[in-house]
Amino acid sequence: MSEVGRLLEKSGYSRKAIEYYLKKVNVGRIENPNVSSVYTGSCGDTMKIYLKIEFNVIKDAKFQAIGCAGAYSSGSALIEMVKGKTLKEAEKITEKEIINFLGGIPKQKIHCACLSRRTLQKAIKKYRNSKTGTNT
Ligand code: FES
């Protein structure tokens with residue numbers, strides 16, 4: 001494991017979280033997404049999520065972030081979790097489920113999972129509003 005990986009492991013990140021962070025899993029953008037949305041958390045970090053949606057099912061998703069290892073690993077995990085899910089299923093995913101999926105991140109980084117959850121929920125809401133013609 002790299003020096004960065006060892007430091008992350010020491011601070012409480014699981015092997016899976018470290019791998020997701022270092023390999024930047026699901027990081028990037030989607031050309032012509034059905035929706036994209038940006039959210040900035042109270043810590044000041046920002047995430048953008050892109051969704052490709054067909055018949056209310058998330059067919060593809062990617063994210064970009066200006067944030068910490070917690071933001072990146074939980075963003076990677078959340079995107080992995082939502083692919084193939086309906087919008088209804090995806091918006092119900094909790095921080096706890098994201099962290100369980102990763103196998104653990106430091107306690108003080110739990111709000112970082114919240115950043116990815118809120119960005120996703122904002123994107124889903126924006127998509128729904130675009131379908132009903134509601135402005136947010
Ligand atoms: Fe802001 Fe982690 S410290 S998302």
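These notes cover the structure that comes with them. Keep in mind that what you see is a predicted model, and the values were worked out from it rather than measured.

## Details of the overall build of the protein chain
Line of reasoning, step 1. Counting its secondary structure elements, the protein chain contains six helices and three strands.
Line of reasoning, step 2. Ordered by position in the sequence, the α and β elements of the protein chain form the string α-α-β-β-β-α-α-α-α.
Line of reasoning, step 3. For the protein chain, whose C-alpha radius of gyration is 15 Å, the value lies close to the compact-globule estimate of 14 Å for 136 residues.
Line of reasoning, step 4. Taken along its principal axes, the extent of the C-alpha atoms in the protein chain is 50 × 25 × 25 Å.
Line of reasoning, step 5. Burial statistics for the protein chain: of 136 residues in total, 45% are counted as buried.
Line of reasoning, step 6. A fraction of 56% describes how many contacts in the protein chain between residues 6 or more apart in sequence connect residues 24 or more apart.
Line of reasoning, step 7. Looking at the protein chain as shown, the accessible area adds up to about 7400 Å², and 50% of this sits on carbon and sulfur atoms.
Line of reasoning, step 8. For the protein chain, the distance from the average position of its 25 positive side-chain charges to the average position of its 12 negative side-chain charges is 4 Å.

## Description of the packing of helix α1 (residues 3–10) against helix α2 (residues 15–23)
Describing two packed helices takes the angle between their axes plus the distance from one axis to the other.
Line of reasoning, step 1. Between α1 and α2, the shortest axis-to-axis distance is 10 Å and the interhelical angle comes to 140°. Taken together, the axes of α1 and α2 are oblique relative to one another. Here the hand of the crossing between α1 and α2 comes out right-handed. For the pair α1 and α2, contact is made by Val4, Gly5, Leu8 and Glu9 and by Arg15, Ile18, Tyr21 and Leu22, respectively.
Line of reasoning, step 2. Residues that form the contact of α1 with α2 fall into these classes: five nonpolar, one polar and two charged.

## Some thoughts on α2
Line of reasoning, step 1. Here α2 has its buried residues at Ala17, Ile18 and Tyr20. The buried residues of α2 occupy an angular sector of 165° when the element is viewed end-on, so they sit on one face. Seen from the buried face of α2, the exposed residues on the opposite side, beyond 90 degrees, are Arg15 and Lys23.
Line of reasoning, step 2. A positive phi of about 50° marks Lys24, the residue just after α2.

What counts, and at which threshold
Residues numbered from 1 in each chain as written. Predicted model: local features only at pLDDT ≥ 70, side-chain atom pairs only at ≥ 80, totals over all residues. Heavy atoms only, no water. Helix = DSSP H or I, 4+ residues; strand = E, 2+ residues; numbered from the N terminus. Rg over C-alpha atoms; globule rule 2.2 N^0.38 Å. Buried < 20%, exposed > 50% of the residue type's maximum accessible area, 1.4 Å probe, protein only. Contact = heavy atoms within 4.5 Å. Areas by Shrake-Rupley, 256 points an atom, 1.4 Å probe, with all protein chains shown as cover. Lys, Arg positive; Asp, Glu negative; His and termini not counted. Charge placed at Lys NZ, Arg CZ, Asp CG, Glu CD. Axes fitted to C-alpha atoms, helices over the stretch in contact; angles between N-to-C directions. Parallel < 35°, antiparallel > 145°, perpendicular 65-115°, else oblique. Left-handed = near helix turned anticlockwise from the far one by under 90°. Nonpolar A, V, L, I, M, F, W, Y, C, P; charged D, E, K, R; others polar. Arc of directions from axis to C-beta.

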